[in-house]
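Reading the structure
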Amino acid sequence: MEKGLKVLVIGSGGREDALVTLISRSPLVSQVYCAPGNDGIGQRPKTCCLPKLKADDPWGLRDFAKSNKIDLTVVGPEAPLAKGIVDGFEKIGLKIVGPTQAAAQIEASKVFAKEFMERHKIPTADFMKFDDPEKAQKYAIANLPCVVKAYGLTGGKGVIPCKTKEEVAIAIQRIMIDKEFEESGNWVVIEEFLVGEEATFMVLTDGWEAIPLLPTQDHKPVYDNNEGPNTGGMGAYAPAPVITPELAKVIMETIVEPTLDGMRAEKTLYKGILYVGLMIVLTPDGPKPIVLEFNVRFGDPELQPLVPLLQSDIVPILMGIADGRLPEGEIDWADGAAICVVMASGGYPGEYEKNKVIKGLDKVARMEGVEVFHAGTKFEDDLWKTASGRVLGVTVKEANIPAAIDRAYQKVIPQITWEKVHYRRDIGKKALTRHGIQTRMVF
Ligand code: AMP
Ligand code: GLY
C-alpha cells in the first residue's frame, strides 16, 4: 500500500481520540485530520483538528475531503452515517469507512432492526411495534416487565425499562405524546425484558467477511453497581470474559454472519464497523447471546481499551473495508487486558459545569501502558480544562484485568484531579468473578 496517506476522522469524543491514536501510529499515514476534534486530539502525532467543520455536516466534510485530496475518511459517530455521508463520498469516488444510509438503518431505525432480525431469524427479544399510544400502552401493560423504545436515534435516552403500569404510562407519554425525542417517537418498539449480562461484540466487515475484535463490556449507568441514570458509557474493559471463545463462535455463526448475509440478500450490503450490543442470557442449555441493538460504528468507550491491545496496523484494514475487500490474515492482539475509566464532570449526565482546570495530566503522560483519551477538553492559557460531560478516558493495560484495575485505580487515576470530578470505582469488577477463564478468540 502507498505511504504518505492523508486520513480524515469525523467526530470529537474519546472514541475519535482512540481512532486518531490508532491511525496516527500507522507508518502508512503522513497526516491525520479530525473534524471537529478537540484540543486533546490535536496533540496526537501528525494530527490537526478542524474545529469549524461539524460532524453532522456531510457536505462540508465532503468538500474538505475533496479539496484536500483525503485518501481515507473514517466516521466516528452514527449521525453522519444515518444522514448518508457514505453515499455522498462514494458518489464522487472518495474512500470512506462505514455503511450507506440504507444499511445504517440497522441502527437508525429500531423498527427496521427488529423486523430485519425477525426476517433472518437472528436471536433478539420478542417485540411489537406501535404508532398508536393507546395500543402501545395496553400491550406494554399486558407484557410487564418490558422495555419501551423510541424507534429512531435518541443518543441512548429513548430506551425506557418498565416494571409497573405507571412507568409504562410515563414512558409512552414522554416518547409518543410529549415527543421528547421528536419524530423518533412516532413509533415505539415494546420488547420483552431480558435478564442477563450485557456485552459488546464489534466486527470489521467488507460486507462478506468479518474480523471480530476482542469482546468488551461497557458500564452505562452513572454510579457504581449500575445505579443512577444511563450515560454514554462510564468505562469499558477488554477482553470481556463473559464472551468465551466458544460463545464468540456462536455470535459469529448465529448473529454476525446471518446479519451480513441478510443485508446482502436485501441489497443493502453492510460494510464498516458492526457493533452488536448483546444480552448473554443463561438458559438451561447454557449461555445464549441475544441482540439488544446494532450500532453502525465503534463503541464509545468500548474502542478505548482495545487501543493498547491492538498490535496490527488498523489502516490497511480500514482501507480494505473502503475498497470493498478486507485484507487476508488475522488481527494481532497483545497479551493482557486493558480497562478504560471515564472521568466525568460532576453532575453528568445531568447539568454540569465546564472550564474546570484539570491537574496531573503531565504526571501520567509518560507512564508505561497508560493512554489518556480526551473526550472533552480544551487547552487555554497553558492549562487543560474540562469542556464536556465525559472528559477523559484513562486507559491502562496490564497482564490481566485485576492488575489493570489495581493500577488504574491505585496509581494512575488519583494523579488526575479537577473540581467535582466524578468516575465509577467499579469498572471491570464484573470480570473478576470470571477471572481465569480463557478469553482469546481462535477462528
Ligand atoms: P439499546 O439502545 O436498545 O441497546 O438499549 C439501551 C440499554 O437498555 C441496553 O444497554 C440495556 O441495558 C437496556 N435494554 C435494552 N433492551 C433491553 C431488553 N430487551 N431487556 C433488558 N434491558 C434492555
Ligand atoms: N457505549 C455504547 C455505545 O457506544 O453505543
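Preceding block: the structure.
It should be emphasised that the depicted structure is a prediction, and the values quoted were computed from it without experimental measurement. (Residues numbered from 1 in each chain as written. Chains lettered and ligands numbered in written order. Predicted model: local features only at pLDDT ≥ 70, side-chain atom pairs only at ≥ 80, totals over all residues. Heavy atoms only, no water.)

1. Examining the state of the cysteines
Which entries qualify depends on this criterion: The term disulfide is used for any two cysteine sulfur atoms that are within 2.5 Å. Buried, partly exposed and exposed residues are distinguished by accessible area as a fraction of the type maximum, computed with a 1.4 Å probe on protein chains only: under 20%, between the cut-offs, and over 50%, respectively.
All told, the structure shown has 0 disulfides when counted by the stated rule. For C146, which is in no disulfide, the shortest distance to another cysteine sulfur is to C162 and amounts to 5.0 Å. Residue classification places C146 among the buried positions, given a relative accessible area of 1%. Look at C162 and you get buried, because its relative accessible area is 0%.

2. Side note on the pairing of strand 15 (residues 235-238)
Moving residue by residue along a regular strand, the side chains alternate between the two faces of the sheet. Applicable threshold: Starting at the N terminus, helices and strands are each numbered in turn, a helix being any DSSP run of H or I of at least four residues and a strand any DSSP run of E of at least two. By definition, two strands form a pair when at least two bridges between them are found by DSSP.
The alternating pattern of strand 15 places G235 and Y237 on one face and A236 and A238 on the opposite face, and all of these are buried. Relative to strand 15, strand 12 (residues 217-218) runs antiparallel, the two being bridged by 2 bridges. Pairing of Q217 across the sheet is with Y237, part of strand 15.

3. Observations concerning the environment of K83
Operational definition: Should any heavy atoms of two residues lie within 4.5 Å, those residues are counted as being in contact. Two N or O atoms form a polar contact when they lie within 3.5 Å of each other; inside protein one atom must be a possible hydrogen donor and the other a possible acceptor, and for residues adjacent in sequence the pair counts only when both atoms belong to side chains.
Structurally, K83 is set in the loop between helix 3 (79-82) and helix 4 (85-91). Spatially, the C-alpha atoms of K83 and N355 are 32 Å apart, while their sequence positions differ by 272 residues. Apart from residues lying up to four places away in sequence, K83 is in contact with D56, P58 and Q101. Side-chain polar atoms of K83 contact the backbone oxygen of D56, separated by 2.9 Å.

4. Digging into the site of ligand 2
Basically, it comes down to this: We call a residue near a molecule or strand when any one of its heavy atoms sits within 4 Å of it. Note on areas: these come from Shrake-Rupley sampling with a 1.4 Å probe, and a residue is covered only by the protein chains present in the view. Note on residue categories: nonpolar means Ala, Val, Leu, Ile, Met, Phe, Trp, Tyr, Cys or Pro, charged means Asp, Glu, Lys or Arg, and polar means any other residue, Gly included.
Near ligand 2, the surroundings consist of D218, K220, G232, Y275, N295, R297, G299, D300, P301 and E302. For ligand 2, a nitrogen atom lies 2.7 Å from a polar atom in the side chain of D218. Taking E302, its side chain carries an N or O atom lying 2.8 Å from a nitrogen atom of ligand 2. About the coverage of ligand 2: the protein hides 90% of its 200 Å² of free accessible area. Considered class by class, the residues forming the shell around ligand 2 number 2 nonpolar, 3 polar and 5 charged.

5. Some details on helix 5 (residues 101-108)
Residues of helix 5 that are buried include every one of A103, A104, I106, E107 and A108, and no others. Those residues of helix 5 that are buried are in contact with helix 3, helix 6 (110-119), helix 9 (245-265) and strand 17 (286-295).

6. Section: the site of ligand 1
The environment of ligand 1 is formed by 14 residues, the closest being K149, E191, E192, L194 and E198. Measuring from an oxygen atom of ligand 1, one finds a side-chain N or O atom of K110 at 3.1 Å. Between ligand 1 and E293 there is a distance of 3.1 Å, counted from an oxygen atom to a side-chain nitrogen or oxygen. Its free accessible area being 470 Å², ligand 1 has 90% of it covered by the protein chains. Of all the secondary-structure elements, those providing two or more residues to the shell around ligand 1 are strand 7 (146-150), strand 9 (188-192) and strand 17. Residue composition of the shell around ligand 1, by class: 7 nonpolar, no polar and 7 charged.

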